[in-house]
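Take a look at the letters that make up each chain.
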Amino acid sequence: MLNESVVALGKKRSTIRELFEFGNQRAAVVGRENILDFSLGNPNVPAPEAVKQAILDTLDTEDPAVTHGYTSAQGADFVRETIAQDLNRRFGTQYGGRNLYMTVGAAAALSICFKALTASSDDEFLVLAPYFPEYLVFIGEGAGAKPVIVPARNEDFQIDFDALDQRINEHTKAVVVNSPNNPSGAVYSEDTVRRLAELLTQRSQQYGHPIYLISDEPYRELVYDADTVVPFLPKYYDNTLVCYSYSKSLSLPGERIGYVLVPDSVQDFADMYAAVCGAGRVLGYVNAPSLFQRVAAKCTGLTSDLSVYKKNRDLLYEALTSYGYQCVKPRGAFYIFPQTLGIDDYKFCEMAKKYDLLVVPGTDFGAPGHMRISYCVKTETVERALPIFEKLAKEVLG
């Protein structure tokens with residue numbers, strides 16, 4: 001007898017991955033250059049030159065047995081200390097290596113946090129729409145807890161506080177936030193963050209236990225406008241756990257390197273950090289990749305060239321809105337999330353596939369009537385797609 005829930009997960013990929021595989025199949029027929037694939041958040045700009053140099057320097061100067069050997073389960077001491085000092089420099093904090101647990105990317109960081117916090121199958125994690133679909137898998141099948149979806153505020157993708165407040169109860173273990181956001185590109189304002197902190201503080205006091213904030217931050221540095229500031233959540237709310245990945249900032253998604261940050265301000269810090277370590281053990285994470293721990297330490301705080309993403313965002317936003325699509329202008333990440341012109345989002349995305357244009361239905365992100373366009377692609381791909389978006393708008397709107 002097998003675990004039927006994981007059998008089902010193994011038989012059916014996420015819609016994003018299904019589209020990606022459809023694109024691979026079509027590429028074999030019409031040529032890769034003719035597939036306009038906006039499905040996957042796979043950075044197309046090269047990693048900074050410093051990443052290559054960090055790899056070469058590490059391989060040239062360190063004993064291979066050390067470079068490729070095991071580190072401590074929570075990560076090499078000097079790696080964690082170096083990253084902590086970079087956070088202190090940027091955010092005015094006072095972290096040390098003791099606050100960091102190196103992970104196999106943000107997915108592992110999130111899975112570890114959900115596992116560490118889940119004490120009962122009655123525990124609930126509130127997920128703010130629009131959200132990354134795998135949150136539901138990590139919480140439900142992964143941790144054995146209950147994901148509870150908070151509907152989106154479609155006019156600006158800030159938090160719908162009335163909807164959030166209605167869903168918090170004595171079983172609420174944490175609220176999961178993602179800013180800059182996948183799929184909308186929205187960045188939570190400081191006012192939003194302050195209101196969230198006040199609400200969670202009040203409700204924690206009401207129920208006599210902390211309601212944690214899990215901040216998923218792989219896009220933290222990916223913002224494009226001088227007036228856009230991404231609030232650093234631990235400075236606003238004590239019981240915050242930060243899940244970070246270098247996949248997007250350094251264009252290293254396949255190398256799987258990230259961390260969990262456990263601030264000293266978290267209630268019962270020592271036990272919380274131990275729970276993170278224990279969850280990593282239960283989930284089978286021996287240690288994060290050794291070589292790329294070292295690369296992360298040498299390159300932390302750097303980013304790939306964001307100018308391509310900004311150019312693509314501006315091209316898409318200006319064109320789509322001129323064609324009649326309603327859209328919130330993204331402030332960060334590399335996604336835009338327009339409405340599907342009043343028709344079912346799955347139907348719209350199927351219409352787009354006829355032109356080998358691949359976009360993801362918003363229903364999968366908890367926001368029906370939208371589509372996610374991942375613009376971490378060549379600008380030429382964006383330019384070639386625009387006439388098709390215009391043609392689709394004319395087909396729908398008449």
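Please read all numbers here as calculations on a predicted model, not as lab measurements.

When helices and strands are tallied, the protein shows 14 helices and twelve strands. Taking 2.2 N^0.38 as the reference for a compact globule, 398 residues should give roughly 21 Å; the C-alpha atoms of the protein span a radius of gyration of 21 Å, in line with that estimate. Principal-axis analysis of the C-alpha atoms gives the protein an extent of 60 × 55 × 55 Å. Taking all 398 residues of the protein together, the buried fraction comes to 55%. Carbon and sulfur atoms make up 50% of the accessible area of the protein, which amounts to about 16700 Å² in all.

Next up on the list: the nonpolar core. It is characteristic of soluble globular proteins that their nonpolar side chains tend to be buried jointly. Counting 43 residues, the largest nonpolar core has F114, L117, F125, I214 and V262 as its most contacted members. For this core, the element with the most residues is helix 6 (residues 105–117), which contributes six residues. Residues from two domains meet in this core; each of domain 1 (4–48 + 304–397) and domain 2 (62–299) gives at least three. Setting aside anything within four residues of it in sequence, one finds I214 in contact with L110, C113, F114, L117, F125, A174, V175, V176, V177, L241 and C243. Residues L222, A333, V382 and I388 belong to the second largest nonpolar core, which totals 37 residues.

Now for the UniProt feature "domain: Aminotransferase class I/classII large" (unreviewed entry) in the protein. According to UniProt, the "domain: Aminotransferase class I/classII large" (unreviewed entry) feature falls on residues 34–386. Note that residues 34–386 is 39% helix and 14% strand, and that its end C-alpha atoms are spaced 14 Å apart.

Let us look at the environment of A296. Mapped onto the elements, A296 comes out in helix 11 (residues 290–299). Accessibility expressed as a relative area gives 2% for A296, which makes it buried. For the pair A296 and G280, spaced 16 residues apart in sequence, the C-alpha separation works out to 20 Å. Residue contacts for A296: discarding those within four places in its chain leaves Y246 and I257.

What counts and what doesn't
- Every chain begins its residue count from 1, and numbering advances along the sequence as written.
- With pLDDT at 70 or above as the cut-off, local features in this predicted model cover only qualifying residues; side-chain atom pairs require 80 or more to be listed or tallied, and sums for whole chains, interfaces and linings still use all residues.
- Remark: hydrogens and water are excluded; side-chain values derive from all non-hydrogen atoms of the structure.
- Each helix corresponds to a stretch of at least 4 residues labelled H or I by DSSP, and each strand to a stretch of at least 2 residues labelled E; elements are numbered beginning at the N terminus.
- All radius of gyration figures rest on C-alpha atoms, and the globule criterion is 2.2 Å times the number of residues raised to 0.38.
- Between buried and exposed lies partly exposed: a residue is buried under 20% and exposed over 50% of the maximum accessible area for its type, with that area taken using a 1.4 Å probe on protein chains only.
- Accessible areas in this description were obtained via Shrake-Rupley with a 1.4 Å probe; residue shielding takes into account the shown protein chains only.
- Think of a nonpolar core as a cluster: buried Ala, Val, Leu, Ile, Met, Phe, Trp, Tyr and Cys residues, connected wherever their side-chain atoms sit within 4.5 Å.
- Residue ranges for the domains originate in an automatic or database domain assignment.
- The contact criterion used is simple: two residues touch if any of their non-hydrogen atoms lie within 4.5 Å.
- UniProt positions are given in the numbering used here, feature names are shortened, and annotations may be inferred rather than shown by experiment.

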